[in-house]
Amino acid sequence: MEIGQISVEKHVPCQMRDGITLYADIYHPKKEGKFPVLLTRLPYNKDLPFYSHRYLDTNRLVQNGYIVIVQDVRGRFHSEGDFYPFLYEAEDGYDTVEWAAALPYSNGKVGMFGLSYYGYTQLLAATEQPPHLEAIVPAMTLNDWRNNSVDNGGKFLVASSETWALESIAPDQLKRKYGDSEQYAVKMEKMADYYNQIEEWYTYKPVHEWPPLKELGVARYFYDLLNGSVTEDMAERMSILGKYKQLNLPAYHIAGWYDNLLQSTLKNYMEMQKNGQAVQKLIVGPWGHGVFSSVIGERNFGLHASGDSIDGKDDLTGLHIRWFDQWLKGEETVGADEAPIQLFVMGINEWRDEQEWPLERASYIPYYLHSKGKANTRFGDGGLSLEKPMKEEAEDTFVYDPENPVPTNGGGTLYAGVHTMGPKDQRQLEEREDVLVYTSEPLGNALEVTGPVKVKLWAKTSAEDTDFAAKLIDVHPDGTAFNLTDGIVRATYRNGENRGERIKDEILDYEIELWPTSNVFLPGHCIRVEISSSNFPRYDTNLNTGETMVSSEKFKTAEQTIYHQEIYPSHILLPVIQC
């Protein structure tokens, strides 16, 4: 390790192809020579250490012989232009990479790093194939803005979308819009009032009239998304779907089992791995979005689960240094025999090397739902087993009321609130009559589940449209019930898009995609599946009318019927790994 002094240049201009100037801070070794560049581009203010450094020690990067550049993206903080999420990041990313490569103290090799938004600025820039971009480390990030962070199979991600707009985007836009200091202070105080009551504002409908942003006069993109003003050309510029063949450079993907962008991060790895043109690596920890602690939610996975001590061997900064030393310095720091994937297996709380994702040795085993017609609450008679349901088995029913939805309790979330993400005890929710609970007998042997999880559900609704939600739970011997993964499907989108088919009073099969997980159910533990019709405010509540809370406030209650019979074998499909 090269320890030395660091030179800092503040507010260094970089002109884009259309004449707009973006500003960056540059940190480089205070000694003679030329060095490779590590670039990150973010909308959260380059001057704030929490965002510019966050999960990495950028001083160590510089001390190991790198120039670190932190740039405000277009329309944010010191940079010129108008901000619109991701719309300009591909072209601006290309221009910035090439500018960085030409700096007098640069050796011409550029890498990029960053998480979430500034994980995605890497991938969008890479689609433009800047000649001097050598390697990237996209952490917990997207592949399509509309699908990943705003909409998911017809469902609006209420809490995360509203939180991000009000908390992260609005303050700087208020400062730009209201130049008069007194007027700005008034608007900021109003914004703080809204934010302090944001959990109440999550329930406001119709969302396309959401008062906090309307009255502040900022975040125009929020309403564009809801009213269909984002054109297909704009959407294409903000997406990397269909562009994976252009991403032919080494990438180290960082993900978390409780991250709200787990699905897109895994897809990015898999699709770029298919290219076969450049080395891809993946690490998945028991982490939430931007949270690399060994403690998340209500569980402690052990010190070696932390991003500060991965398996007791490395930390995230060291991981970055090894990766970039390989591709920007030509050092042999990533061995050819090194496994491409490192997974944290919860339950046994151990890291494990793997060769592919999903795991080829996984056996997809159905566990069937059973009851005598009273699976409501954890005190009901719902069961889960390998036995197929009988020819005649009583169905379960519950009433779904959009005005009293099942509240979100942990999971892969990202929104304002206290300890909203991660594994949390679900028992209180399981006392609700609108939550069906199916629990296995205590296991005699350990059972590992690693991979994508699905629920196949046969159900009927009295509504024109509705939702069905599912959750996989690890029940400990003391009764605590920790969520592992969950999913939700909108009835009218059951086949991937709204085809206008009749939903009401029809027995239909629904496939609910639960996000991947890795967990060993230990002996004495039980496997549990919850079925309901809501997970709010993570997702918008279905109004049961054919309208959504984005555009309407009128609602109806719905009677939901879940079938588990020989001809309707509702089940969860678990990727079982032989222990």
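See the structure printed just above.
These numbers were taken from a predicted model, which means no experiment stands behind them. (Residues numbered from 1 in each chain as written. Predicted model: local features only at pLDDT ≥ 70, side-chain atom pairs only at ≥ 80, totals over all residues. Heavy atoms only, no water.)

> What is the right way to read the nonpolar core from this model?
If you look at soluble globular proteins, the nonpolar side chains tend to sit buried side by side. Ile69, Tyr221, Phe222, Leu457, Ile531, Ile562 and Ile572 are the most contacted members of the largest nonpolar core, which totals 166 residues. In this view, isoleucine 562 contacts Leu369, Glu395, Asp396, Phe398, Leu436, Tyr438, Leu457, Trp458, Ala459, Phe468 and Ile531; residues no more than four positions away in its chain are not counted. (Core = buried A, V, L, I, M, F, W, Y, C linked by side-chain atoms within 4.5 Å. Buried < 20%, exposed > 50% of the residue type's maximum accessible area, 1.4 Å probe, protein only. Contact = heavy atoms within 4.5 Å.)

> Honestly, helix α4 (residues 117–127) in this entry has me stumped. Any pointers?
The α-helix advances 3.6 residues per turn, and as a result positions three or four apart in sequence lie on the same side. Of all 11 residues in α4, 11 are buried; the element is thus mostly enclosed. Following α4 by one or two positions, glutamine 129 has its phi on the positive side, about 55°. (Helix = DSSP H or I, 4+ residues; strand = E, 2+ residues; numbered from the N terminus.)

> In this structure, what is going on with the environment of valine 295? I would like to understand it.
Residue position: valine 295 is located in strand β11 (residues 295–296). Considering only alpha carbons, one finds valine 295 and serine 306, 11 residues apart in sequence, at a separation of 8.0 Å.

> How should the packing of aromatic side chains be read in this particular structure?
The relative placement of two aromatic rings is captured by the distance of their centres and the angle of their planes. Inspection of the entire model under this criterion finds 27 aromatic pairs. Each ring, one from tyrosine 55 and one from phenylalanine 292, has its centre 5.5 Å from the other, and the planes form 35°; the classification is tilted. A residue pair is termed long-range when its members are at least 10 positions apart, and tyrosine 55 in the loop between α1 (49–52) and α2 (58–63) and phenylalanine 292 in the loop between β10 (280–288) and β11 qualify at 237 residues. Judged by its relative accessible area of 13%, tyrosine 55 falls in the buried class. Here phenylalanine 292 falls in the buried class, since its relative accessible area comes to 9%. One aromatic cluster in this structure is built from Tyr44, Phe83, Tyr84, Phe86, Tyr117, Tyr118, Tyr120, Trp145, Trp164 and Tyr221. Cation over ring: arginine 494 sits above tyrosine 510, and NZ or CZ is 5.6 Å from the ring centre. Here arginine 538 stacks its cationic end above the ring of tryptophan 515, 5.3 Å away from the centre of that ring. (Phe/Tyr/Trp six-rings, centres within 6.5 Å; stacked < 30°, edge-to-face > 60°. Lys NZ or Arg CZ within 6 Å of the ring centre and 35° of its normal.)

> Before we go on, may I ask you to explain empty space enclosed by the protein in this structure?
The rolling of a water-molecule-sized probe over the atoms marks out the regions of remaining empty space. All told, the structure shown has 2 cavities of 30 Å³ or more when counted by the stated rule. Roughly 140 Å³ of internal volume is contained in the largest cavity. For the largest cavity, the lining is made up of 18 residues, of which Lys471, Asp486, Glu530, Ser534 and Asn535 are closest to its centre. Where the lining of the largest cavity is concerned, the elements lending two or more residues are β20 (467–475), β21 (481–490) and β23 (526–532). Counting residues per element, the lining of the largest cavity draws most heavily on β21, which supplies 4 residues. In terms of residue class, the lining of the largest cavity is made up of 6 nonpolar, 9 polar and 3 charged. In this model, the second largest cavity occupies a volume close to 70 Å³. Together, Trp257, Tyr258, Gly411, Gly412, Asn483, Leu484, Thr485, Asp486, Trp515, Pro516 and Arg538 line the second largest cavity. Counting only elements with at least two residues in the lining of the second largest cavity, the list comes to β9 (251–258), β21 and β22 (508–521). (1 Å grid on protein atoms, 1.4 Å probe; cavity = no way out; pocket = protein on both sides within 12 Å on 5 of 7 lines; lining within 4 Å. Points joined across faces, edges and corners; volume = space filled by probe spheres on them. Nonpolar A, V, L, I, M, F, W, Y, C, P; charged D, E, K, R; others polar.)

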